[in-house]
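Chain by chain, the residues run as shown.
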Amino acid sequence: AADQAATVGARDHVVLIDTSASQSGEYREQTLDVLDSFTSNLPAGDRVRLFAVDISAKELTQQFESVGGAGYAKARKALDRRAPLGATNLKRALEAALKSIEANRPTSVIFLGDGFSTSHLIQKTELQSLISRLQTAKVPFNAFAVGPRNDMQLLGVLAHWTGGRII
């Protein structure tokens, strides 16, 4: 019963970190600071799945991990070592996020980056499909826009239609 009480209201978070070339220097530092602030303030019982996103979506965790656990610590160190290169494919990142969701737990997608999907420009039908899949899974898309320029339109559409927010 105590275990059940601890997991009531527990959520999963798929965190997509933009590691493309635009996310270097001060922008990378800001992104990592936001990630650390977000994860350090998660309630007990919440879990994180961490992805580095550029041309592909590279999962750094093996599964959903407790932020205080060794699996998350290893993934966070791997993120520190990853060089910001290439362009972003946000469609692939969202598809990877959707595949990683466990149906029995409330989940959110958190994106930290500029929102430009320059490796693959998301077409209207693809965007509609991604939004529909997020809505069906009841997964809000949230974004913290970081970068020299930000695609607030794309991030805004994803957040608006899934019940998420942009900061």
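Before reading further, recall that the structure is shown in the block above.
Everything numeric in this text was worked out from a predicted model, so none of it was measured.

### So, the layout of surface pockets
Its boundaries defined by the atoms lining it, the largest pocket holds a volume of some 300 Å³. Lining the largest pocket, in full, are Val-34, Leu-35, Ser-37, Phe-38, Ile-110, Leu-112, Asn-142, Ala-143, Phe-144, Arg-165 and Ile-167. For the lining of the largest pocket, the elements supplying multiple residues, two or more each, are helix H2 (26–40), strand E5 (107–113) and strand E6 (141–145). Element by element, the count of residues in the lining of the largest pocket is highest for H2, at four residues. Of the residues assigned to the lining of the largest pocket, the class counts are eight nonpolar, two polar and one charged.

### Let's talk about the side chain of Thr-107
Residue position: Thr-107 is located in strand E5. When its relative accessible area of 2% is taken as the criterion, Thr-107 is described as buried. Of the polar contacts made by the side chain of Thr-107, one reaches the backbone oxygen of Arg-105; its length is 3.0 Å. Beyond its immediate stretch of four places on either side in the chain, Thr-107 contacts Arg-11, Asp-12, Val-14, Ile-101, Glu-102, Lys-138, Val-139 and Pro-140.

### Thoughts on H2
For H2, with 15 residues, the first-to-last C-alpha span of 21 Å sits near the 21 Å given by 1.5 Å per residue. Among all positions of H2, only Arg-28, Thr-31, Leu-32, Val-34, Leu-35 and Thr-39 are buried. The arc enclosing the buried residues of H2, seen along the axis, measures out at 160°, which places them on a common side. Set apart from the buried face of H2 by more than 90 degrees, the exposed residues are Glu-26, Glu-29, Asp-33 and Ser-40. Those residues of H2 that are buried lie in contact with strand E1 (12–18), strand E2 (47–53), helix H3 (70–81), E5 and E6.

### As for helix H6 (residues 152–162)
All of the buried residues in H6 are Leu-154, Leu-155, Leu-158, Ala-159 and Thr-162. Burial along H6 is one-sided: seen end-on, the buried residues are contained in an arc of 125°. Set apart from the buried face of H6 by more than 90 degrees, the exposed residues are Gln-153 and His-160. Contacts made by the buried residues of H6 are with helix H4 (90–100), E5, helix H5 (124–136) and E6.

Reading the values: the criteria
- Residues numbered from 1 in each chain as written.
- Predicted model: local features only at pLDDT ≥ 70, side-chain atom pairs only at ≥ 80, totals over all residues.
- Heavy atoms only, no water.
- 1 Å grid on protein atoms, 1.4 Å probe; cavity = no way out; pocket = protein on both sides within 12 Å on 5 of 7 lines; lining within 4 Å.
- Points joined across faces, edges and corners; volume = space filled by probe spheres on them.
- Helix = DSSP H or I, 4+ residues; strand = E, 2+ residues; numbered from the N terminus.
- Nonpolar A, V, L, I, M, F, W, Y, C, P; charged D, E, K, R; others polar.
- Buried < 20%, exposed > 50% of the residue type's maximum accessible area, 1.4 Å probe, protein only.
- Polar contact = N/O pair within 3.5 Å; in protein donor to acceptor, adjacent residues only side chain to side chain.
- Contact = heavy atoms within 4.5 Å.
- Expected span 1.5 Å × (residues − 1).
- Arc of directions from axis to C-beta.

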